[in-house]
Amino acid sequence: MSIGENILLRMGISDEKPEINYKQLAILANSIPILLTATVNPKGMKGANFDPKERLDMYVEALNFYAKKGLKVVFAENSGSIALVADRVVAENVEMVDVSGLEYDQSRGKGYNETILIHKAVMKSAFVGESGCFFKITGRLKLMNVERLLEECAKGSQRFRADCKDHKVYEWLHMPINGHAGECRYWFATVEFFEQMMWPRVNELNDFEPNICLAEDLMLDVCRKSRGMKGCRDRFRTQARISGKGGHNLGRGWSFFYSTDNDSFALRTKCFLRQLLRWTMPWWKV
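Residues numbered from 1 in each chain as written. Predicted model: local features only at pLDDT ≥ 70, side-chain atom pairs only at ≥ 80, totals over all residues. Heavy atoms only, no water.

### Side note on the state of the cysteines
What counts, and what does not: When two cysteine sulfur atoms are found within 2.5 Å, that pair is recorded as a disulfide. Relative accessibility decides the category of a residue: with a 1.4 Å probe and only protein chains considered, values under 20% of the type maximum give buried, values over 50% give exposed, and everything between is partly exposed.
One pass over the full model with this rule turns up zero disulfides. Unpaired in terms of disulfides, C164 finds its nearest cysteine sulfur in C223, a separation of 4.4 Å. Classification of C164 as buried rests on a relative accessible area of 4%.

### A few points about the pattern of salt bridges
Selection criterion: The term salt bridge refers to a side-chain nitrogen of Lys or Arg lying within 4 Å of a carboxyl oxygen of Asp or Glu.
Following the criterion strictly, the structure yields 18 salt bridges and no others. Salt-bridge contacts for E152 lead to R161; the nearest nitrogen and oxygen are separated by 3.0 Å. By relative accessible area, which is 7% here, E152 ends up buried. A relative accessible area of 7% places R161 in the buried class. In this structure, R201 engages E204 in a salt bridge whose closest nitrogen and oxygen atoms are separated by 3.0 Å. The class of R201 is buried, set by a relative accessible area of 18%. Taking relative accessible area as the criterion, E204 reaches 38% and is therefore assigned partly exposed.

### Structural notes on the packing of helix α9 (residues 191–198) against helix α10 (residues 215–226)
The line we're drawing: Fitted lines through C-alpha atoms serve as axes, helices being fitted only where they are in contact, and the angles separating the N-to-C directions of these axes extend from 0 to 180 degrees. Only DSSP runs of H or I with at least four residues qualify as helices, and only runs of E with at least two residues qualify as strands; both kinds are numbered from the N terminus onward. Roughly parallel here means an angle under 35 degrees, roughly antiparallel means over 145, roughly perpendicular means 65 to 115, and every remaining angle is called oblique. Two residues form a contact once any of their heavy atoms are found within 4.5 Å. Each residue receives one of three labels: charged for Asp, Glu, Lys and Arg, nonpolar for Ala, Val, Leu, Ile, Met, Phe, Trp, Tyr, Cys and Pro, and polar for the others, Gly being one of them.
The interhelical angle for the contact between α9 and α10, taken along N-to-C directions, is 110°, at an axis separation of 11 Å. Considered as vectors, α9 and α10 are oriented roughly perpendicular to each other. The segment α9 lies against α10, with F193, M197 and M198 engaging M219, V222 and S226. Of the residues assigned to the contact of α9 with α10, the class counts are five nonpolar, one polar and no charged.

### Some remarks on the confidence of the model for the protein
Quick reminder of the rule: A residue's pLDDT is the confidence the predictor assigns to it, expressed on a 0 to 100 scale.
Averaged over all residues, the pLDDT of the protein equals 87, while 86% of them reach at least 70. Scored below 50 in pLDDT, residues 8–18 shows 13 contacts in the model against residues more than four places distant or in partner chains.

Next up, the structure:
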């Protein structure tokens, strides 16, 4: 289904009258629920950084950030700790969804378990059910310009919008950096697209040997396969401005490429350069 068809009708917008002004666009953007994915207690899962107390504080800070903007927020948690967050954040525009269960497998890492979390959340959420779509964000992070990204998703009848890097620059320069990966911290999809294109591939995901398939690998493949499909884009016009600590352990000192501090000067500089490239060479996925 396309974005908020029922909302479009209530606003008097149809195929015969397709024009949407800026105010209507903002209303449409605010109708897209943000889905924050959360695991307060990863229970020692390999690759999961920060202890439960740190993670809880990060989730509360990020949730308050989005709630105070007046956006619809679905907070989905899968470790049985949602009450710890609900005790600290109360807002009418926040829907708490407990997706704890026995389906999760720590031995397969983050990508597999987060995909199960998303599937269960979109099936249970009233906000997502009403809109038929969602904008997924890793729950510990604050997307400072989230409204701009939501507005891009609200234009037209979009089914999927994401970011990826898919270039050979690092290979040409013989640099040990991966130039091919999907962006999994934030992306937009209709429920239909997710259930048809992403959820059926959950069993491919595994962060560890011997059959490694990271979420970033799967997202890149989805981006490539959706190119040319109606309502699908694998590039945002706006460079996402993320605040918060990254959970990876990459880099080996290459702070410009792999800093875990999204507020660092290196990453803020990189964001500025990437925004210039999005404006001038939107086809170049760097």
